[in-house]
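Structural description and commentary
Each chain, written out:
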Amino acid sequence: MQTKSKQQILKVEEGSIVTPLGFSTAGLHTKVKRKRNDLGVVYCDVPADSAAVYTLNQIIAAPLKVTKQSLAEEGKLQAVVINSGNANACTGDQGLIDAYLMRDAVADLFSIKNNYVGVASTGVIGEKMPMDKILPGIGKLVPQKSSQAANQFNEAILTTDTCMKTTCFETTIDSKKITMAGSAKGSGMIAPNMATMLGFITTDAHIPHEYLQVALKEVTNETFNRITVDGDTSTNDMVIVMASGLASNNALSPAHEDWEAFIQLLKQVCQDLAMMIARDGEGATKLIEVNVQGAATDEEAGKVAKTVVGSDLVKTMVFGSDPNWGRVMMAIGRSGMTLDPETIDITIGPHPLLVGSQPTNYVEENLSSYLNNEKVEINIHLNIGDGSGKAWGCDLTYDYVRINASYRT
């Protein structure tokens, strides 16, 4: 993959959230959850220029309020503490007090400013935080720069996830190697802006807070905000990027000749994590990718793609390997975007089903066989403009109902 300025974006196969210079992590089990780790921290050796995007749900969990306040002071974070098993959402005044207590405990642990600490929580909504477990656990966090420590952190942020979600890429800016990595959680209540999704991204690039915020907002709209599992938006969604600056490149801004390289690096990390979240949707058996071309604008293409991938009827079509492409056409039509009903092409995998809005002579058995794959691609061409966009989701299965009928911790 190459940027406009020709830098390559390279996958770091053994990379993790601690690969960028300056970062370490820890994760441990406080018994908030029955078995696996439920408390973690990302720590930076220096105050890192940071940025964040948050849920658009009007009901916002206490940790997000605290993190917003921390970032508003100087635009820097040095540590982010995360717990799973309890969302600390809809918990009233005590919930906010508890989130601040978590922030203060981390600040004391590392002898840093309170406003250099972010807080994130995920889990059951409406239950008081078990601070008798959380606070002693914070005191035992010892960040390390090892793959084992990274995995301990990755486990600590999970809820109904079936796997850890982590990725790492690098590129060159100002002749300096720039590394970026991320860890995320998310499986259900996924309909970003954003989802029951937490993302933590680290980089050693030198980029001021205000420009990092611009980059994150732009990239989020094309990645995390293009995934959907079930149409619900959580109270706790947040993506945080921390930039240590230890790669010693010249400060990045939109005027920098390698700005596009940085944007593409961030987009690759975010897209990788977004696709992992979509694939790990609760009860999911298949990843669905919808590619839309020929739309009036890129924004409209993205909205059409997300409408299609978010359709329950499309999801069940894919789950049942049922070649009922009319469900795709229905979703396109209700997207509310600019369309010409007579110029639409639809291809599922290698099988053209509709050309110029006219059905083709496809073999139903071959399409059904393709729909049995673990990844299903739906390609749509609207033939009215130059806009393009993608979205990701998963099939809707019996297990989704089973999981959500019984989930606690």
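Details of the structure are given in the entry above.
Let us look at the structure shown here. (Residues numbered from 1 in each chain as written. Predicted model: local features only at pLDDT ≥ 70, side-chain atom pairs only at ≥ 80, totals over all residues. Heavy atoms only, no water.)

Digging into the nonpolar core
Grouped together as the largest cluster of nonpolar side chains are 38 residues, with contacts concentrated most on Ile-201, Phe-224, Phe-262 and Leu-266. Counting residues per element, the ones that place at least two in this core are β3 (39–54), β6 (165–173), β7 (176–185), α5 (209–222), β10 (238–243) and α6 (259–279). Of all the elements, α6 adds the most residues to this core, at 13 residues. In contact with Leu-266, not counting residues within four places along its chain, are Met-180, Ile-201, Ala-215, Leu-216, Val-219 and Val-241. Among the nonpolar cores identified, the runner-up in size contains 30 residues, and Val-304, Leu-353, Leu-367 and Leu-371 belong to it. (Core = buried A, V, L, I, M, F, W, Y, C linked by side-chain atoms within 4.5 Å. Buried < 20%, exposed > 50% of the residue type's maximum accessible area, 1.4 Å probe, protein only. Helix = DSSP H or I, 4+ residues; strand = E, 2+ residues; numbered from the N terminus. Contact = heavy atoms within 4.5 Å.)

Some details on the side chain of Asn-83
As for its placement among the helices and strands, Asn-83 is situated in strand β4 (residues 76–86). Residue Asn-83 is classed as buried on the basis of its relative accessible area of 0%. Of note is the side chain of Asn-83, whose polar atom sits 3.0 Å from the backbone oxygen of Asn-86. Setting aside anything within four residues of it in sequence, one finds Asn-83 in contact with Asp-38, Leu-39, Met-102, Ala-120, Ser-121, Thr-122, Met-129 and Ile-134. (Polar contact = N/O pair within 3.5 Å; in protein donor to acceptor, adjacent residues only side chain to side chain.)

Considerations on the sheet that holds strand β16 (residues 387–394)
Strands sit in the order β9-β16-β11-β15-β12-β13-β14 across an open sheet of 7 strands; the sheet is mixed. Looking at which strands have only one partner, the edges of the open sheet turn out to be β9 (227–228) and β14 (358–359). The pairing of strand β13 (residues 351–355) with β14 spans 2 bridges and is classified as antiparallel. Directly across from Leu-354, in β14, lies its bridge partner Pro-359. Where helix α7 (residues 298–309) meets the sheet, its contacts fall on β9, β11 (287–295), β15 (375–381) and β16, and the angle it forms with β16 comes to roughly 25°. (Pairing = 2+ DSSP bridges. Axes fitted to C-alpha atoms, helices over the stretch in contact; angles between N-to-C directions.)

Some details on the environment of Gly-92
Locating Gly-92 in the fold gives a position in helix α2 (residues 92–110). Classification of Gly-92 as exposed rests on a relative accessible area of 52%.

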